[in-house]
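# What the coordinates show
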Amino acid sequence: MSLVPLTILLAAPRGFCAGVDRAIQIVEKALSTFGAPVYVRHEIVHNRFVVEALEAKGAVFVEELDEVPGDHPVVFSAHGVPKAVPAEAERRNLFYLDATCPLVSKVHREAELHHDSGRHILLIGHAGHPEVIGTIGQLPPGSVTLVENCDAVDALDLDDRTNLAYITQTTLSVDDTADIVAALQRRFPKIYGPKKEDICYATTNRQQAVKAIAGRCDAMLVLRTPNSSNSMRLVEVAETTGCPRARLVRRTADID
């Protein structure tokens, strides 16, 4: 059987953002400096190829600090962690390295400033995502309300509707987030927003790159893992901007 020739389009830009590169380098530097094992709380990035490569070098990935012995360094993932995590590390005298993406840290600082100004915070994001858990964990319980979609905006029941601010997860769909922000602004005209968009610039320009080629593709493969918010958004963007088939692929062996 003869093979049908394929035209392969490569989205540009593509690949890891600076925050992910930085996080990977922190783990690699820790391994070269302190030797194996180096513990990492949560997957440093949502990419199995990277995680397995780091495991082969001596990184040990865990979900909670109680899995980390006291005589080895621990790295916090790029997604950020609740304040209780470094506090517990300090209580146990653990040596830790914080690989939180600087853009995620920026959102954390925004949340603190709004809280210090007496505002209740609406966080646009996905429930259960490590970044969302970390952001909510920057403030006392009850300070943040998660908003996942426009229906959630309509359902909000708040005691004070005049003293509000919104922030967002950094890895969301740009278009979906714009719709949610517009819904918030319609319902709460005095709501405070970020001075500069919270969605990561790399997330934004990679979604734009997918939009640029989606209409010319019969199918699009996004190379990443299903628990990656960025990757799932790229699949959704492809499907909604003209590509009839889009799916995640972890590695070349998954491709027919």
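Here we summarise the structure given alongside this text. Per-chain numbering applies: the sequence of each chain, read as written, is numbered from 1 onward. Totals for whole chains, interfaces and linings use all residues, but because this is a predicted model, local features are given only for residues with pLDDT of at least 70 and pairs of side-chain atoms are given and counted only at 80 or more. Only hydrogens and water are removed before side-chain values are computed, so all heavy atoms of the structure are retained for them.

### A word on the sheet that holds strand E6 (residues 144-147)
Quick note on the threshold: Two strands make a pair as long as DSSP finds a minimum of two bridges between them. Helix and strand definitions follow DSSP, with helices as H or I runs of at least four residues and strands as E runs of at least two, each counted in order from the N terminus. Inter-axis angles, ranging from 0 to 180 degrees, are taken between N-to-C directions of lines fitted to C-alpha atoms, where helices are fitted over the stretch in contact.
Pairing is parallel across the open sheet formed by 3 strands, whose spatial order is E6-E5-E7. Both outer strands of the open sheet, E6 and strand E7 (164-168), are each paired with one neighbouring strand and no more. Along the sheet, successive strands turn relative to each other by an average axial angle of 25°, direction set aside. As defined by bridge partners, strand E5 (residues 120-124) adjoins E6 across 4 bridges and the pair is classed as parallel.

### Things to note about the packing of helix H8 (residues 201-214) against helix H9 (residues 229-240)
Here is the rule we go by: By definition in this entry, angles of less than 35 degrees are roughly parallel, angles greater than 145 are roughly antiparallel, angles of 65 to 115 are roughly perpendicular, and the rest are oblique. By convention the crossing between two helices is left-handed if the near helix lies anticlockwise of the far one by an angle smaller than a right angle, and right-handed if it lies clockwise. Two residues form a contact once any of their heavy atoms are found within 4.5 Å.
Interhelical geometry of H8 versus H9 gives an angle of 30° and a closest axis separation of 9 Å. Overall, the two elements H8 and H9 adopt an arrangement that is roughly parallel. The two elements H8 and H9 cross, and the hand of that crossing is right-handed. Of the residues in H9, those in contact with Thr203, Arg206, Gln207, Val210, Lys211 and Ala214 of H8 are Asn230, Arg233, Leu234, Val237 and Ala238.

### Considerations on the sheet that holds strand E2 (residues 59-62)
Ordered by their spatial adjacency, 4 strands build an open sheet running E2-E1-E3-E4, and the pairing between neighbours is parallel. Edge positions in the open sheet fall to E2 and strand E4 (96-98), since each of these has one partner strand only. When strand polarity is set aside, the average angle formed by the axes of neighbouring strands in this sheet is 25°. In terms of strand pairing, strand E1 (residues 38-41) meets strand E3 (residues 74-76) through 3 bridges, oriented parallel. Each bridged residue has a counterpart across the sheet, and for arginine 41 the counterpart in E3 is phenylalanine 76. Packing of helix H1 (residues 18-34) onto the sheet brings it into contact with E1, E2, E3 and E4, and relative to E4 it is tilted by some 160°.

### Focus on H9
To keep things clear, this is the line we draw: In this analysis, the expected span of each helix is defined as 1.5 Å times one less than the number of residues it contains. Buried, partly exposed and exposed residues are distinguished by accessible area as a fraction of the type maximum, computed with a 1.4 Å probe on protein chains only: under 20%, between the cut-offs, and over 50%, respectively.
Counted at 1.5 Å a residue, the expected span for H9 with its 12 residues is 16 Å, and the 17 Å between its end C-alpha atoms agrees. Of the residues making up H9, those classed as buried are Ser229, Ser231, Arg233, Leu234, Val235, Val237 and Ala238. Buried residues in H9 make contact with H8, strand E8 (220-223) and strand E9 (246-249). In the stretch just after H9, glycine 242 is the one whose phi turns positive, near 115°.

### Quick look at the nonpolar core
Counted only if it meets this: What we call a nonpolar core is a set of buried Ala, Val, Leu, Ile, Met, Phe, Trp, Tyr and Cys residues that are connected through their side-chain atoms within 4.5 Å.
Within the largest apolar cluster, 22 residues are counted, with the highest numbers of intra-cluster contacts made by Val27, Val40, Ile44, Leu54, Ala59, Phe61 and Val75. Among the secondary structure elements, those contributing two or more residues to this core are H1, E1, helix H2 (48-57) and E2. When residues of this core are assigned to their parent elements, the largest contribution, 7 residues, is made by H1. Once residues lying within four places of it in the same chain are set aside, the contact partners of valine 27 are Val40, Ile44, Leu54, Ala59 and Val75. If you look at the next biggest cluster of nonpolar residues, it comprises 16 residues, including Leu122, Leu156, Val181 and Phe188.

### Considerations on the packing of H1 against H2
Two elements in contact, H1 and H2, have axes separated by 11 Å at closest approach and are oriented at 10°. By the angle between their directions, the pair H1 and H2 is classed as roughly parallel. On the side of H1, the interface is formed by Ile24, Val27, Glu28 and Leu31, while H2 contributes Val50, Leu54 and Lys57.

### Description of the pairing of E7
Of all 5 residues that make up E7, 5 are buried, and the element is covered over most of its length. Where burial is concerned, the two faces of E7 agree: the one with Leu164, Tyr166 and Thr168 and the one with Ala165 and Ile167 are both buried. By the bridge criterion, 5 bridges tie E5 to E7 in an arrangement that is parallel. Opposite histidine 120, over in E7, you have leucine 164 as the bridge partner.

### Structural notes on the pairing of E5
Threshold: A right-handed crossover is one whose linking path, passing over the helix from the first strand to the second, runs clockwise when the strands point away from the viewer.
Here E5 lies mainly inside the structure; 4 of its 5 residues are buried. For the crossover that starts at E5, traverses helix H5 (residues 130-136) and ends in the parallel E6, the hand is right-handed.

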